[in-house]
Amino acid sequence: MSDTVVGPRDPYHIGHGDRAAWRDPHSEHAARDLASKRIIVGYGFWIFLLSDIVMFSAFFATYAVLSGETAGGPGGKDLFHLDIVAIETACLLLSSFTCGIASIGARARNDGLYYGSMAATAVLGAGFLFLELREFAGMIAIGAGPTRSAFLSAFFTLVGCHGLHVTLGLMWLLTMMAQVFAKGYRADILRRVLCFSMFWHTLDIIWVAIFTVVYLMGVGTQ
Amino acid sequence: MSHVADEGHHPNVPEADRAPGDLRADRGEIVRSLRTYLIGLGLAILITVVAFFIARTTLVWQPSIPIALFVLAIAQMGVHLAFFLHITTGPDNTNNVLALAFGVLIVGLLIVGSLWIMTNLNHNMLPMERIMQMQR
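Residues numbered from 1 in each chain as written. Chains lettered and ligands numbered in written order. Predicted model: local features only at pLDDT ≥ 70, side-chain atom pairs only at ≥ 80, totals over all residues.

S.K.: How should I be thinking about the overall build of chain B in this particular structure?
M.R.: When helices and strands are tallied, chain B shows four helices and zero strands. Order of helices (α) and strands (β) in chain B, N terminus to C terminus: α-α-α-α. Across the 136 residues that make up chain B, the buried fraction comes to 25%. The long-range fraction of contacts in chain B, counting pairs at least 24 apart against all pairs at least 6 apart in sequence, stands at 59%. (Helix = DSSP H or I, 4+ residues; strand = E, 2+ residues; numbered from the N terminus. Buried ≥ 20, exposed ≤ 12 C-beta atoms within 10 Å, placed from the backbone. Contact = placed C-beta atoms within 7 Å.)

S.K.: Explain the domain arrangement of chain B to me, please; I cannot follow it from the model alone.
M.R.: How big an interface is tends to be expressed through the accessible area that disappears when the partners come together. For chain B, the assigned domains are domain 1 (19-87) and domain 2 (90-136). Distance from the C-alpha centre of domain 1 of chain B to the C-alpha centre of domain 2 of chain B: 26 Å. (Domains from an automatic or database assignment.)

S.K.: Help me understand the interface of chain B and chain A in this model?
M.R.: Across the boundary between the two partners, chain B contributes 53 residues, which contact 54 residues of chain A. Going through the elements one at a time, helix 1 (27-56), helix 2 (64-84) and helix 3 (94-124) of chain B are the ones with two or more residues in the side of chain B that touches chain A.

S.K.: Sorry, what's going on with the nonpolar core here?
M.R.: For soluble globular proteins, nonpolar side chains are generally found buried alongside one another. Counting residues in hydrophobic clusters, the biggest one holds 77 residues, and the most contacted among them are Phe-155, Leu-158, Met-198, Ile-210, Phe-211 and Val-214 of chain A. Mapped onto this core, the elements with two or more residues apiece are helix 2 (37-66), helix 4 (82-108), helix 5 (111-141), helix 6 (150-183) and helix 7 (187-221) of chain A together with helix 1 and helix 2 of chain B. Top contributing element to this core by residue count: helix 7 of chain A, with 21 residues. Excluding its chain neighbours within four sequence positions, the residues that come into contact with Met-198 of chain A are Phe-45, Trp-46 and Leu-49 of chain A together with Pro-20, Gly-21 and Leu-85 of chain B. (Core = buried A, V, L, I, M, F, W, Y, C linked by C-beta atoms within 7 Å.)

S.K.: Would you take a moment to explain the environment of Gln-135 of chain B for this structure?
M.R.: By secondary structure assignment, the location of Gln-135 of chain B is in helix 4 (residues 128-135). Once the C-alpha coordinates of Gln-135 of chain B and Ile-117 of chain B are considered, the two residues, 18 residues apart in sequence, prove to be 26 Å apart.

Structure (structure tokens):
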């Protein structure tokens, strides 16, 4: 196989030097002709995650505009409990760490490391979700549901959307454990594990923005 | 057939690009990436503790608190991107960084633009009570 490959090998020529370097099979660039499928899949999923972040930024903008419109109802200072939020944050941050360990375990094909840290991620994620649902239920119980004011509508939309992502992430996590169990550390399964760990890390990044903008600033300013 | 169906990872062949969130596979790299995650976790915990402390403290000048929280949040996102998602400035990460830069641009336009327009509208609008009176 020489120069007969016509298709776009690297259509954007980003950081790959000049074309002539590809033609020489002994050049160090020869190996750079085509990115592996793992890189292409990861890059595509990264673009999806960025678009997800753009969607969240619309919810953040909505919340920032409406955060003062409490319509005489309770504001953030009355509703938020920073102790609970701190525990939620700890759960999600540690789960992001254990998720990273799980991806090391998958690359090393180490069963104990992979299943153990995936299970830890699942437990921490479920703990986060439990605390968040309890918070929502408590707020609705005292009449501070999403219909009470524009502030609460925006709050439930933003934080609820993140919670929904965590729920889907948990299902994906269990699926990945099952798939590795059933099919082993195959290349296509490992690509899915890579995408899952990126998804989970991104959820943690969005949670950083939520606990800062919604909870910490909400308690401080209103 | 070296190009097509390049499913596995070849430890001897240097890759030109790296997938975001990806690690290299050999033994030394596993130890190194474990260290990366540990450093990231330590930094993230530190920043989070400082943020939760600052939000409730009365020790500092109060109007500075939102700015401090904002800076800490950006720093923590940077830590997550660098240490957990492995988005670096290396040449194997150019595509990932460019995509991220575009994402940040759109997020910035969306949030700053919305806030700008809405505060302007708020500023130029009659107070709600006056509108109510005029409708009577």
